[in-house]
Amino acid sequence: MATAPPADQLRLLDVQELDTRAQQLAHRRRNLPELARIAELDAQLKDLGSSLVESRTAASDLRRELAKAEGDVEQVRARAARDQARLDAGQVGAKDAQALVGELESLARRQAALEEVELDVMERLEAHEEALARLESAHAELESARAEVVAERDARFAELDEEAGQVAERRRGAVTGLDATLLALYERVRDQNGGRGVVALRGQRVEGLNVDLSRAELAAITSAAPEQVVRLEDYGHIVVRPEAVSA
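All values derive from a computational prediction rather than experimental measurement. (Residues numbered from 1 in each chain as written. Predicted model: local features only at pLDDT ≥ 70, side-chain atom pairs only at ≥ 80, totals over all residues. Heavy atoms only, no water.)

All right, on to the overall build of the protein chain then. When its secondary structure is counted, the protein chain shows six helices and four strands. Taken from the N to the C terminus, the helices and strands of the protein chain come in the order α-α-α-α-β-β-α-β-β-α. Radius of gyration (C-alpha) of the protein chain: 42 Å, far over the 18 Å computed for a compact globule of 247 residues. Along the three orthogonal principal directions, the C-alpha set of the protein chain runs to about 135 × 35 × 25 Å. Of the roughly 15,000 Å² that the protein chain leaves accessible, carbon and sulfur atoms contribute 50%. The protein chain carries 34 positive and 48 negative side-chain charges, and their two centres are separated by 4 Å. (Helix = DSSP H or I, 4+ residues; strand = E, 2+ residues; numbered from the N terminus. Rg over C-alpha atoms; globule rule 2.2 N^0.38 Å. Areas by Shrake-Rupley, 256 points an atom, 1.4 Å probe, with all protein chains shown as cover. Lys, Arg positive; Asp, Glu negative; His and termini not counted. Charge placed at Lys NZ, Arg CZ, Asp CG, Glu CD.)

In structure tokens form, the structure reads like this:
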């Protein structure tokens, strides 16, 4: 059975307390509510971002369609203006004048039809731009909300990291001068048991682990010499006996 100075065994309880606190801080850091909120906002931004791209593309297509419709109308207007100018100038014969009148009537009908197309595209573009503006506003609000949550997360990270640094500094002091073999055993047992390497036996109660000891195991632990490093049979935890150290 391994041995170590009883005082060093007792100091393990302080080390365990610091290690437990470090674990708690790390757990809190991994599970901050801000992290879940950021993930939620990121998912919303991704979905909204896809809709925004589609809406911007559709608006761009409608603007091109409107530009073409406006160009078609302007082309017909220009042709009609030239024909009307020729008529007004009286520089054509009767037959050509009749043809120009017919063409002007046809151009007027064509212009009316094209203006209907132009108006339809303008109305669709206006409605789409209104919807696009709402999407952009919603996207900006989400980005603003995310920035706020990120700032809150970073503030919480800073607080937790500062405390974790203080705990780490205290732990370095707590293990200084400890029996190297005892400390190595503690580290190994702690790794095997999810962070708990040592428990304290006070009277007949084991602190730090919710287990019931058999009478035989309790007797074996309490009868061991103070310098002996005692471990639980089923779990392997080091058992520190404060009463034996102070006796």
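Once you've had a look at it, read on.
This brings us to the nonpolar core. If you look at the biggest cluster of nonpolar residues, it comprises 23 residues, and the most contacted ones within it are Leu12, Tyr186, Val198 and Ile238. For this core, the elements supplying multiple residues, two or more each, are α1 (6-30), α3 (94-175), α4 (180-192), β1 (198-202) and β4 (238-240). Among residues more than four places away in sequence, those in contact with Ile238 are Leu12, Leu182, Leu185, Tyr186, Gly197, Val198, Val199, Val229, Val230 and Arg231. In terms of nonpolar packing, the next biggest core, distinct from the first, is built from eleven residues, Leu201, Val206, Ile221 and Ala224 among them. (Core = buried A, V, L, I, M, F, W, Y, C linked by side-chain atoms within 4.5 Å. Buried < 20%, exposed > 50% of the residue type's maximum accessible area, 1.4 Å probe, protein only. Contact = heavy atoms within 4.5 Å.)

Running from N to C, α1 and α4 cross one another at 40°; their axes reach a closest spacing of 11 Å. Looking at the two axes, α1 sits oblique to α4. Crossing angle aside, the handedness with which α1 passes α4 is right-handed. Between α1 and α4, the contacting residues are Asp8, Gln9, Leu12, Val15, Gln16 and Asp19 on the first element and Leu182, Tyr186 and Arg190 on the second. Among the residues forming the contact of α1 with α4, the class breakdown is four nonpolar, two polar and three charged. (Axes fitted to C-alpha atoms, helices over the stretch in contact; angles between N-to-C directions. Parallel < 35°, antiparallel > 145°, perpendicular 65-115°, else oblique. Left-handed = near helix turned anticlockwise from the far one by under 90°. Nonpolar A, V, L, I, M, F, W, Y, C, P; charged D, E, K, R; others polar.)

On inspection of all chains with the given rule, the structure shows zero aromatic pairs. Between the NZ or CZ atom of Arg29 and the centre of the ring of Phe157, over which it lies, the distance is 3.7 Å. (Phe/Tyr/Trp six-rings, centres within 6.5 Å; stacked < 30°, edge-to-face > 60°. Lys NZ or Arg CZ within 6 Å of the ring centre and 35° of its normal.)

Every buried residue of helix α5 (residues 215-223) is listed here: Glu217, Leu218 and Ile221. Angularly, the buried residues of α5 cover 100° about the axis, an arc narrow enough to put them on a single face. Across from the buried face of α5, at angles greater than 90 degrees, the exposed residues are Arg215, Ala216 and Ser223. Looking at the buried positions of α5, the neighbouring elements they touch are β1, β3 (230-231) and β4. (Arc of directions from axis to C-beta.)

This paragraph deals with the sheet that holds strand β2 (residues 205-207). With mixed pairing, the four strands of this open sheet are ordered in space as β2-β1-β4-β3. At either end of the open sheet lies a strand with only one pairing partner, and these are β2 and β3. In this sheet, β2 lies alongside β1 in antiparallel orientation, the contact comprising three bridges. In the strand pairing of β2, Leu201 is matched with Val206. Across the sheet, α1 is in contact with β1 and β4; its angle to β1 comes to roughly 120°. Packing of α4 onto the sheet brings it into contact with β1, β3 and β4, and relative to β4 it is tilted by some 120°. (Pairing = 2+ DSSP bridges.)

Tracing the backbone through its elements, the reader meets Gln9 in helix α1. A polar contact of 3.4 Å, which involves the side chain of Gln9, links it to the backbone oxygen of Gln228. Sequence-distant contacts of Gln9, defined by excluding residues within four places in its chain, comprise Ala4, Leu182, Pro226, Glu227, Gln228, Val229, Val239, Val240 and Arg241. (Polar contact = N/O pair within 3.5 Å; in protein donor to acceptor, adjacent residues only side chain to side chain.)

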